Amino acid sequence: MNKFSRIGFILAAAGSAVGLGNVWKFPYITGEYGGGAFVIMYLLAIIFIGLGVFIAESLMGQHAEANVSTSFVKMSKSGNPKWKYAGFMILSGLIILSFYSVVLGWILNYVISSFSTLPTETSQAGATFTNLTKDIGTQLFYHTLIAGTVVFIVLKGIKDGIEKINLILMPLLAMILFGLLIYSISLDSFSKAMSFMFIPDWSKINSSALLAALGQAFFTLSLATGVILTYSASLPKNANFIKTSISVAFIDTLVALVSGIIIFTFLFEAGAPSSAGPGLVFISLPVIFSGWGILGQIIAISFFIALVFAGITSAVSMIEPSLMFFIERFKMTRKKATIITGTTFYLFGIIALLSMSDSWGATLTFFGKNAFDWMDFITSSILMPLAAIVTCVFIGFYVDKKLLENKFTQHTSLLVFNIWYTLVKYIVPVAVTILFINKLGLI
Ligand code: PFF
């Protein structure tokens, strides 16, 4: 099998982790939940929950060197073939990719339109954004462009496609964010943004903030979708999977925090509210940038390009678990598997974008949710929590403890193993079960 290099793996896994979740979603939910206290909850969720599951998936992939379904069977104590059904989690990547590609399309559209004009008023910016989400032709055009790019990269394989694109885009992303950070530091509101992000106001924390932090920790680290497991199957056999996991979680967190600092500095500089929700990046920021003249235009273009880069490296990872499954299970060529999975997410993406339009909205709305929202709901509220629970229960109760201990002690102490094992066996499943029940609206 074609393997990553160690650094190639870190870049690719960080490329998957760092995405719209970091640069778009993290800042807006931090804004919605009032800043510092939420950030601390989020950091705890990353360290104690997300990182534990990340290491678990990475261990499984590196050890089994197979697709998700086969890895579960191979790693189980009894070799029970029923564990192949744990492979259901690979569906999440494809479903997420369907609407993620549409959203990336919006951003690409923002890159292009930022070259000409930026909206000067919030109402105008809001209308532009709403019109875009209802405009079938434009969205179809950009969705096709994004989907085509993803398929093109993925077709080239792990080494020549995925590793290479991450090697190019990740440093570019880092450079753009670094430039924007330096600019933020030069602005008066930088210290206000730092206080907002890092001085906790505990009165703002409630159970829904806690659960949002937990859900975000999973989404941002690309967990419970089989992506990390699948990438780790291409991690060199002797690589220290604990260190690589920590590096990826660190990079991912750093990018989220830096994005938050940049965005809040910009918002405070313009006196705009921090709690604008999903429209923060699409509505509030363009208006601020337009007030800064030509510099604002350059910043707008760089910012949206950074979002596209971050998103593309995540998008290419989402398809890989299904690809590997098709290739191994049905002995398909990579090309055939890519065409099948690529067509699937492309068509689902079209359904997602049609479901927001005036002409198709009613037809594609079921039980009060349109198809776009359903795809988000099914993945983030059902499939991913379930997959996380299955993975942890599997590791805790159905895998030989000695095998896990040996894998760990090759690289670290028994104490670290015991902490990780307790977290994954007891703490994470309980936390995620509470999240799951809450997402389903039962509590
Ligand atoms: N981690 C990505 C982000 O933060 O945008 C999103 C993601 C990638 C989710 C891959 C799921 C996945 F399998």
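Report follows, based on the coordinates.

Cut-offs and rules
Residues numbered from 1 in each chain as written. Predicted model: local features only at pLDDT ≥ 70, side-chain atom pairs only at ≥ 80, totals over all residues. Heavy atoms only, no water. Near = heavy atom within 4 Å. Polar contact = N/O pair within 3.5 Å; in protein donor to acceptor, adjacent residues only side chain to side chain. Areas by Shrake-Rupley, 256 points an atom, 1.4 Å probe, with all protein chains shown as cover. Helix = DSSP H or I, 4+ residues; strand = E, 2+ residues; numbered from the N terminus. Nonpolar A, V, L, I, M, F, W, Y, C, P; charged D, E, K, R; others polar. Axes fitted to C-alpha atoms, helices over the stretch in contact; angles between N-to-C directions. Parallel < 35°, antiparallel > 145°, perpendicular 65-115°, else oblique. Left-handed = near helix turned anticlockwise from the far one by under 90°. Contact = heavy atoms within 4.5 Å.

### Things to note about the site of the ligand
Around the ligand there are 16 residues in total, and Ala-17, Gly-21, Tyr-100, Phe-219 and Thr-225 lie nearest to it. In this structure, an oxygen atom belonging to the ligand sits 3.3 Å away from a side-chain N or O atom of Asn-22. Taking Tyr-100, its side chain carries an N or O atom lying 2.7 Å from an oxygen atom of the ligand. In isolation the ligand exposes 340 Å². Once the protein is present, 100% of that is buried. Of all elements in the fold, only α1 (6-17), α2 (20-32), α5 (90-116), α10 (207-220) and α14 (293-318) reach the threshold of two or more residues within the shell around the ligand. Split into classes, the residues belonging to the shell around the ligand amount to 7 nonpolar, 9 polar and no charged.

### Comments concerning the packing of helix α7 (residues 136-155) against α14
Packing of α7 against α14 brings their axes to within 9 Å, and their N-to-C directions diverge by 60°. Classified by the interaxial angle, the pair formed by α7 and α14 is oblique. Two packed elements cross with a definite hand, and for α7 against α14 that hand is right-handed. Where α7 approaches α14, its residues Ile-146, Thr-149, Val-150, Ile-153 and Val-154 are matched on the opposing element by Ile-312, Ala-315 and Val-316. Class assignment for the residues of the contact of α7 with α14 results in 7 nonpolar, 1 polar and no charged.

It is worth stressing that arrangement in space is one thing and function is another; only the former is reported here.
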